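Inside the fold
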Amino acid sequence: MRTILYILQKEFRQIFREKAMLIIIFIIPMVQLTILSFTATFEIKNTNIAIIDHDHSHESRNLIRKFEGSSFFTMSAFYDSYEQGAEALKKGKVHQLLIIQPNFEKDLKRDGKAKVMVITDAINGSAAAIMSAYAHSILMDFNKQLLVEDFPQLNVNDPIQITVSNWYNPQLNYTTYMVPGILVLLVTIIGMFLSGMNVVKEKELGTIEQINVTPIKKYQFVIGKLLPFWIIAMFEFSFGLVLARFIFGVPMLGSIALQLGTVSVYLIVVLGFGLFVSTITDTMQQAMFISWFFMVIFILMSGLFTPVESMPDWAQTVNTLNPISYFIQINRMIMLKGSVFSDFAQQFYSLVIYAVLMLTLSVWRYRKVA
Amino acid sequence: MTTNRPNVIEVRNLVKKFGDFIANDNLTFDVKQGEIFGFLGANGAGKTTAMKILCGLQAPTSGDIKVAGFDVYHQTNKIKQNIGYMSQRFSLYEDLTVKQNFQFYGGIYGLSGKQIKERTEYFLNKLELSHVANKILKEIPLGWKQKLAFSVAVLHHPKIVFLDEPTGGVDPITRRQFWEMIYEAANEGITVFVTTHYMDEAEYCERVCIMVDGRIEAMDTPSALKNKYEVTSMNEVFIRLARAQSTEQ
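For the structure given in this document, a descriptive report is provided here.

Thresholds applied
Residues numbered from 1 in each chain as written. Chains lettered and ligands numbered in written order. Predicted model: local features only at pLDDT ≥ 70, side-chain atom pairs only at ≥ 80, totals over all residues. Heavy atoms only, no water. Phe/Tyr/Trp six-rings, centres within 6.5 Å; stacked < 30°, edge-to-face > 60°. Buried < 20%, exposed > 50% of the residue type's maximum accessible area, 1.4 Å probe, protein only. Lys NZ or Arg CZ within 6 Å of the ring centre and 35° of its normal. Contact = heavy atoms within 4.5 Å. Buried area = accessible area lost by both parts, 1.4 Å probe. Polar contact = N/O pair within 3.5 Å; in protein donor to acceptor, adjacent residues only side chain to side chain. Patch = residues over 30% accessible without salt bridge, like charges linked within 9 Å, V, L, I, M, F, W, Y side chains within 5 Å. Areas by Shrake-Rupley, 256 points an atom, 1.4 Å probe, with all protein chains shown as cover. Salt bridge = Lys/Arg side-chain N within 4 Å of Asp/Glu carboxyl O. Helix = DSSP H or I, 4+ residues; strand = E, 2+ residues; numbered from the N terminus. Core = buried A, V, L, I, M, F, W, Y, C linked by side-chain atoms within 4.5 Å. Pairing = 2+ DSSP bridges. Axes fitted to C-alpha atoms, helices over the stretch in contact; angles between N-to-C directions. Parallel < 35°, antiparallel > 145°, perpendicular 65-115°, else oblique. Left-handed = near helix turned anticlockwise from the far one by under 90°. Nonpolar A, V, L, I, M, F, W, Y, C, P; charged D, E, K, R; others polar.

1. Quick look at the packing of aromatic side chains
- Tallying each qualifying case throughout the model produces 32 aromatic pairs over all chains.
- Their ring planes at 75° and their centres at 5.7 Å tell us that Phe341 of chain A and Phe344 of chain A sit as a pair that is edge-to-face.
- When its relative accessible area of 0% is taken as the criterion, Phe344 of chain A is described as buried.
- Here the aromatic residues Phe29, Phe37, Phe39, Phe162 and Phe193 of chain B are joined through ring pairs into a cluster of three or more.
- The ring of Phe246 of chain A has Arg245 of chain A sitting right over it, with the charged end atom 6.0 Å from the ring centre.
- Looking at Arg175 of chain B, its charged tip hangs above the ring of Tyr198 of chain B, at a distance of 3.9 Å from the centre.

2. Some thoughts on the interface of chain B and chain A
- Of the residues lining the interface, 32 residues belong to chain B; the matching set on chain A comes to 27 residues.
- Overall, the association of chain B and chain A removes approximately 2,700 Å² of surface from exposure, summing both partners, and the carbon and sulfur fraction of that is 52%.
- The largest contributions to the chain B side of the interface with chain A come from Leu57, Tyr93 and Ile108 of chain B, which together make up 22% of the buried area.
- For the pair chain B and chain A, the number of links is 13 residue pairs in polar contact (both at pLDDT 80 or more).

3. Some details on a nonpolar patch on the surface
- The grouping of Ile23, Ile24, Ile27, Ile28, Val31 and Ile35 of chain A at the surface amounts to a nonpolar patch, some 510 Å² of accessible area in total.
- Within the secondary structure, Ile27 of chain A is located in helix α2 (residues 19-39).

4. Focus: the nonpolar core
- If you look at the biggest cluster of nonpolar residues, it comprises 72 residues, and the most contacted ones within it are Leu148, Phe150, Leu163, Ile210 and Met234 of chain B.
- Apart from residues no more than four positions distant in its own chain, Leu163 of chain B is found in contact with Met51, Met86, Phe150, Phe178, Ile182, Val192, Phe193, Val194 and Thr195 of chain B.
- Within the second largest apolar cluster, 51 residues are counted, among which are Val270, Phe276, Phe298 and Met335 of chain A.

5. Overview of the sheet that holds strand β6 (residues 83-86) of chain B
Residue and element names in this part refer to chain B.
- Spatially, 6 strands are ordered β6-β7-β8-β3-β9-β10 in an open sheet, and the strand pairing comes out mixed. Looking along the sheet, the strands with just one partner apiece sit at the ends: β6 and β10 (215-220). Across this sheet, the average inter-strand angle for adjacent strands is 15°, counted without regard to direction.
- When strand β9 (residues 207-212) meets β10, the two strands line up antiparallel, connected through 5 bridges. When the bridges of β10 are listed, Val208 appears paired with Asp220.
- Helix α5 (residues 142-154) contacts β6 and β7 (160-164) of the sheet and is inclined by roughly 165° relative to β6.
- Set on the sheet, helix α8 (residues 222-229) makes contact with β9 and β10; between it and β10 the angle comes to about 105°.

6. Looking at the packing of helix α3 (residues 58-69) of chain A against helix α6 (residues 125-150) of chain A
Residue and element names in this part refer to chain A.
- Between α3 and α6, whose axes approach to 10 Å, the crossing angle comes to 135°. The pairing of α3 with α6 is recorded here as oblique in orientation. The handedness of the crossing between α3 and α6 comes out as right-handed. Residues Glu59, Asn62, Leu63, Lys66 and Phe67 of α3 form the contact with α6, whose own contacting residues are Ala135, Ile138, Leu139, Asp141, Phe142, Gln145, Leu146 and Asp150.
- Looking at the contact of α3 with α6 residue by residue, the classes come out as 7 nonpolar, 2 polar and 4 charged.

What is shown is where atoms sit, not what they do.
Right, dumping it as structure tokens:
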């Protein structure tokens, strides 16, 4: 026990000696949390739409006004020909084209039906789907209005009334959704890199050789190396929660104790992973690359940006090995849904198994040899 | 005069191979308590490998080896409690102060807070380095750092201290002081196992063992070796042995 305390004292002295490290550890994650939470959003606003109106009639202007009235669209241009519109779409000046055929009004009045065309830049598939859906809903709305105004005798009423209510995030606020996830990312990155770089740094400097001739036991060394970063990451997570609550107004429905309890286990996984990387590498460069390799895969597959459920089956299988994925789920559930332990027990036990595994591996791999 | 003292290091048929390369070829020797035992050889002769095996940093390929009464295969942690070690490469923490380094290593070896304080003061006074007690190691000259590294290695009063080329890159005056420290440690009953390739330092040892290409070519007191080869300095002894080796090849 005393030995561990001496190691802790030494580690903290080294961490706090370096001013640059303090900035990296404490300031950068907070800046990242602030910036990412405001910017990492899938909401689509200000879609630039160009209108090609071949009809120039009362009804076509009505339709255009509908688009103008939507906050989702910005009228960026009016073109006379399809070619001009296509060119603008190609250059990326506009995201969407609305083309109104000649005789739009006449056809409507005469035949009761007319055609418009919507072309969407679909390079980003999910954004395109959203833009199309918006355009579609405006057109539906316009349709219905026509029916009501021009054919009042039909008495159109939807046979099924749909009431949508969004639970857990009623305003569909992306910040609410992203902050709990980004918070997980930040403590993961800090934890994995700090622990990953630490032991390998001692290898590079040669100080590990002096440690290896002392009677320090493996478990004392591992605890002494992990605990400082665990404490720092716990502090950071708590601080992040405060920011989430008071700067981003993210609701915190669940128990904070439960949240801190789960993050404490999760951090053992992350730090154990970093330490393991540290034990299998010889230079900080190698450790950095290996950590990044896993980190990028884990982050992109974590469900932070894209739902895990829509990934292919094999990817979901791979994801059972992704600790970030488990913890983002847990963290979102606790914060946004107020979930209790039994709601995420399975994910939690997976993390516990993972933590035991990583610690065992790193104690096993750390050899007191030179 | 060394005959009555017990052996603290017993090595029988030590072999260490790295693949096909034989770093240590069948070494057999004993070191007695309180002895200053010099391990000499050219670069790559296998000195450091042998020393690392004795410190429990590497496992031997074969052989019976006991250090401080403990077996190097299964009791490395007990060996480590009883030895001090100073690496070829400076390996104290450069980003901690002198005092903090003493405190850390004292703590690791289980000294009490009071003992750490007393011994730190004792060594700093002896080395006349009290004025740098609170400086970080990065800021002090190499010669001083080497002396501090030696003090840290004997801080817990080990049975044996292993010094791997301790005076590399150090000026002659500091080297001289360094050997005074070694003598003092030996007088206190600490066995000193030192590797070097400075042959003038070999003269300071009670007994030397000269390694050439992984084998022990000669082992005796410096004066006996000089008599045997009919030369006046250890330098000549070494050159004879090394030259004999190269003509054989």
